[in-house]
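An overview of the molecular structure
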Amino acid sequence: MDSNMVKIVIPFILYFFCFSALKKIIPFLKKNSILDHPSSRGNHEESMPKGAGIILMPAIIISISLYFFIENSINTKWLVFLLSIFFLFLISLIDDIKSLPATLRLIVHSLCVIISVYCMKDDIISFLNNMDIIAKLNISQSLLFYIFALLIIFSWLWLINLFNFMDGMDGLTALQMIFLALTINIISLMDHFDNDFQFLSLIIFSVFLAFFRYNKPPAKIFLGDSGSIPSGYIAGFVLMESLLKQGPFFSILIILMYFILDSTATLIIRSIKNNNIFSAHSDHFYQRMIRNGHSHKYVLRKILFLLTFLILLSFISLKYHLISFSLALITTILSLIYFGIKSKNE
């Protein structure tokens, strides 16, 4: 089977498998009380099965492993990528079933990211040399390497956790991952990403499109930590690779703009108000809209319009980096302000 056929057959089969498996797992999750229960900070009034990640993440791991087996081209970086998804999925699944201490979860998240960044060390050194940062700053290469690596680690960890924070509304994370996959795929066709990333995008698109069928408003199943945490890791992997390879970094950053700004702005606002930034809350802009009486479908439609504009900007950014990034930043900030105004009577 040639490479092009693999890219068609596996995602096609995967979509129908996930669609069927998700339908079957919903009653299983209900029977075993793997549920997200209504709470004072929640956005739903009924208990809902959580654990779509039980289907999606193994499907992603197995299909990508199969691709590399057929292509006989796996390297250390991709092997660590797959193992990291597995361990993040495993620890998050246990947390979905039986809550684990936050410290333990953070340790696992950190180890996965640190090992992943270690496997990118040659890319980091090459990036720093190509950008001529060492000469400009007049500091040692080793010191700059560790500073830059720490920045990548903290940024990646933040992305993992903000995906978990943002996974609180029907269809939201599924829609974000679908748009991320479309962005990766189209810019791969323009030769800004290699074939491995194009296949990854097709797999992400297939599984999350199947998930969206059950997660769109009104949702029948939630992703759960077993799905949201590895999803954040995948998004971080693509973002960091695009940066270090001096590829379509702005394209990936732009399509993730809403998730990043909503979470970051919420954290900053809570800090200013002297609220505990580590405690659970419902202060995200989309959550405030829902709590003010707007339906999940209404809010998701607004975010869909934003993501559609952002994906167009992500393609334009391949030629006009700063203009596209600035427009994306302004548009997303204005959208958050709009959300804030719509929920001002909360």
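Placed above this text is the structure.
This section reports on the structure supplied with the text. Because the structure is predicted, anything quoted here is derived from the model rather than measured. (Residues numbered from 1 in each chain as written. Predicted model: local features only at pLDDT ≥ 70, side-chain atom pairs only at ≥ 80, totals over all residues. Heavy atoms only, no water.)

**A short note on the environment of Gly227**
Of note, Gly227 is situated in helix H10 (residues 225-244). With 38 residues separating them along the chain, Gly227 and Leu189 place their C-alpha atoms 27 Å apart. Setting aside anything within four residues of it in sequence, one finds Gly227 in contact with Gly53 and Met57. (Helix = DSSP H or I, 4+ residues; strand = E, 2+ residues; numbered from the N terminus. Contact = heavy atoms within 4.5 Å.)

**Looking at a nonpolar patch on the surface**
Residues Ile74, Leu79, Leu83, Phe86, Phe87, Leu90 and Ile94 make up a contiguous nonpolar surface patch of about 590 Å² in total accessible area. Tracing the backbone through its elements, the reader meets Leu83 in helix H3 (residues 76-97). (Patch = residues over 30% accessible without salt bridge, like charges linked within 9 Å, V, L, I, M, F, W, Y side chains within 5 Å. Areas by Shrake-Rupley, 256 points an atom, 1.4 Å probe, with all protein chains shown as cover. Salt bridge = Lys/Arg side-chain N within 4 Å of Asp/Glu carboxyl O.)

**Regarding helix H15 (residues 321-342)**
Every α-helical turn comprises 3.6 residues, leaving residues that sit three or four positions apart pointing alike. The terminal C-alpha atoms of H15 lie 32 Å apart, and with 22 residues this matches the ideal 32 Å at 1.5 Å per residue to within 8%. Taken together, the buried positions of H15 are Ser324, Ala328, Thr332, Ser335, Leu336, Phe339 and Gly340. Buried residues of H15 fall within an arc of 145 degrees about the axis and therefore sit on the same side. The exposed set on the far side of H15, more than 90 degrees from its buried face, consists of Leu322, Ile323 and Leu334. Of the surrounding secondary structure, the elements contacted by the buried residues of H15 are helix H11 (249-255), helix H12 (257-272), helix H13 (285-291) and helix H14 (296-316). (Expected span 1.5 Å × (residues − 1). Buried < 20%, exposed > 50% of the residue type's maximum accessible area, 1.4 Å probe, protein only. Arc of directions from axis to C-beta.)

**Re the side chain of Gln176**
Relative to the elements of secondary structure, Gln176 occurs in helix H8 (residues 172-189). If near-sequence neighbours (up to four positions away) are discounted, Gln176 is found in contact with Phe163, Ile255, Leu256, Phe259 and Leu307.

**Details of helix H9 (residues 195-215)**
The terminal C-alpha atoms of H9 lie 29 Å apart, and with 21 residues this matches the ideal 30 Å at 1.5 Å per residue to within 8%. Counting buried positions along H9 yields 16 of 21 residues, so the element is predominantly enclosed. The distance from a side-chain oxygen at the start of H9 to the backbone nitrogen of Asp196 is 3.1 Å, and the residue carrying that oxygen is Asp194. (Polar contact = N/O pair within 3.5 Å; in protein donor to acceptor, adjacent residues only side chain to side chain.)

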